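Spelled out, the chains give:
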Amino acid sequence: RGSCASDSSDSVISTGSETESQVYKVVLLGEHGVGKSSLARVFGGIEDAGHDCDETGNTYDRSIVVDEEEASIVLYDIWEQDNSQWLKEQCMRMGDAYIIVYSVTDKSSFEKASELRIQLRRARQSENIPIILVGNKSDLVRSREVSVDEGSACAVVFDCKFIETSASLHHNVQDLFEGIVRQIRLRKDSKEE
Ligand code: GDP
Ligand code: MG
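Thresholds applied
Residues numbered from 1 in each chain as written. Chains lettered and ligands numbered in written order. Predicted model: local features only at pLDDT ≥ 70, side-chain atom pairs only at ≥ 80, totals over all residues. Heavy atoms only, no water. Helix = DSSP H or I, 4+ residues; strand = E, 2+ residues; numbered from the N terminus. Buried < 20%, exposed > 50% of the residue type's maximum accessible area, 1.4 Å probe, protein only. Contact = heavy atoms within 4.5 Å. Areas by Shrake-Rupley, 256 points an atom, 1.4 Å probe, with all protein chains shown as cover. Axes fitted to C-alpha atoms, helices over the stretch in contact; angles between N-to-C directions. Parallel < 35°, antiparallel > 145°, perpendicular 65-115°, else oblique. Nonpolar A, V, L, I, M, F, W, Y, C, P; charged D, E, K, R; others polar. Polar contact = N/O pair within 3.5 Å; in protein donor to acceptor, adjacent residues only side chain to side chain. Lys, Arg positive; Asp, Glu negative; His and termini not counted. Salt bridge = Lys/Arg side-chain N within 4 Å of Asp/Glu carboxyl O. Near = heavy atom within 4 Å. Pairing = 2+ DSSP bridges. Core = buried A, V, L, I, M, F, W, Y, C linked by side-chain atoms within 4.5 Å.

Participant: What's the story with the overall build of the protein in this structure? I'm lost.
Facilitator: Per the secondary structure count, the protein includes six helices and seven strands. Put simply, the protein runs from its N terminus to its C terminus through helices and strands in the order α-β-α-β-β-β-α-β-α-β-α-β-α. For the protein, with 193 residues in total, the buried portion stands at 46%. Looking at the protein alone, contacts between residues at least 24 apart form 72% of all its contacts between residues at least 6 apart. For the protein, the exposed area adds up to about 10300 Å²; of that, 46% sits on carbon and sulfur atoms.

Participant: Just checking my understanding: could you explain the packing of helix H4 (residues 107–123) against helix H5 (residues 148–157) for this structure?
Facilitator: The packing of two helices is summarised by the inter-axis angle and the distance between the axes. Axis separation between H4 and H5 bottoms out at 12 Å; the angle between their running directions is 10°. Viewed along their axes, H4 and H5 adopt a mutual orientation that is roughly parallel. On the side of H4, the interface is formed by Lys107, Phe110, Ser114 and Arg121, while H5 contributes Glu150, Gly151, Cys154 and Val157. In terms of residue class, the contact of H4 with H5 is made up of three nonpolar, two polar and three charged.

Participant: What should I look at first to understand the environment of Leu29 in this one?
Facilitator: Mapping Leu29 onto the fold places it in strand S1 (residues 23–30). Each C-alpha atom, one on Leu29 and one on Cys91, is 8.6 Å from the other, the two residues being 62 residues apart in sequence.

Participant: Mind showing me how you'd approach the side chain of Asn136 here?
Facilitator: Within the secondary structure, Asn136 is located in strand S6 (residues 131–136). In terms of polar contacts, Asn136 uses its side chain to reach the backbone carbonyl oxygen of Val34, at 2.9 Å.

Participant: How should the side chain of Arg117 be read in this particular structure?
Facilitator: Tracing the backbone through its elements, the reader meets Arg117 in helix H4. Put simply, Arg117 is tucked away with no salt bridge, and the nearest opposite charge, on Asp159, sits 5.5 Å away. Reaching out from Arg117, the side chain makes a polar contact with the backbone oxygen of Phe158 at a distance of 3.1 Å. Dropping the residues within four chain positions of it, Arg117 is found in contact with Ile100, Ile131, Phe158 and Asp159.

Participant: What's the story with the site of ligand 1 in this structure? I'm lost.
Facilitator: Around ligand 1 there are 16 residues in total, and Gly33, Ser38, Asp139, Ala167 and Ser168 lie nearest to it. Between an oxygen atom of ligand 1 and a side-chain N or O atom of Ser37, the distance comes to 2.8 Å. Taking 580 Å² as the accessible area of ligand 1 by itself, protein coverage stands at 70%. The element that contributes the greatest number of residues to the shell around ligand 1 is helix H2 (residues 36–44), accounting for three residues. For the shell around ligand 1, a count of residues per class yields three nonpolar, eight polar and five charged.

Participant: Got a minute to help me understand the pairing of S1 in this structure?
Facilitator: A regular strand carries its side chains on alternate faces of the sheet. Counting buried positions over the eight residues of S1 gives six, a clear majority of the element. Where S1 lies against strand S4 (residues 69–76), five bridges are found, and the strand directions are parallel. The residue of S4 that forms the bridge with Val26 is Leu75. Two strands pair when backbone bridges link them, and S1 and strand S5 (residues 97–103) are joined in this way by five bridges, in the parallel orientation. Within the sheet, the bridge partner assigned to Val27 lies in S5 and is Tyr98.

Participant: Help me understand the nonpolar core in this model?
Facilitator: Generally speaking, nonpolar side chains in soluble globular proteins are found buried as a group. Ranked by internal contacts, the top residues of the largest apolar core, which has 27 residues, are Val26, Leu75, Ile99, Val134 and Phe177. Elements with a minimum of two residues in this core: S1, H2, strand S3 (59–66), S4, S5, S6 and helix H6 (173–192). At six residues, H6 tops the list of elements feeding residues into this core. If sequence neighbours within four positions are ignored, Phe177 has contacts with Leu39, Phe43, Ile64, Ile73, Leu75 and Ile99.

Here you go:
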């Protein structure tokens, strides 16, 4: 739990078969301030300064074991890196899976999440890419503006998974990334049949 992928040279050798050198690109989307970078740091296990995870700029490289099988994830926290249209389009194209984040304390970030879902659908029309809608900051009970029901209803409409997290409390962050891996595997399996 929370360990880094800096020793990934060992893990590549492990089980072999179809999992070898399988790296999943996961892209974080969402409005400024919703907690994308916080979630990414928890994922990378480097929320405490001085941890030696393999962090290159705003990408986080880590292997996690899900259902007894290892998966390598590169998590991209680059959506806000600059304001160029080029980068945004690049983001929409590059991901094997997407995490669309809003803050449960900010209704407008929730509305923005819907917009992003629509943009993503447009950019990747015929593809069935895994997406998880994430309501972050679930710890801020008193300032909540978006209910769990609203979040999950939105996910139903947009045909994606839904989870509420707290990057601050590390609540559900592990589940979020395990969920992403499972979804990617599901889509891969159904394609191969
Ligand atoms: P980003 O702009 O989407 O990358 O958001 P950041 O990760 O920079 O977070 C914005 C602010 O929200 C920071 O002050 C974080 O400490 C705070 N924050 C992020 N996640 C949580 C959370 O789960 N709970 C609380 N209470 N604050 C959070
Ligand atoms: Mg950020």
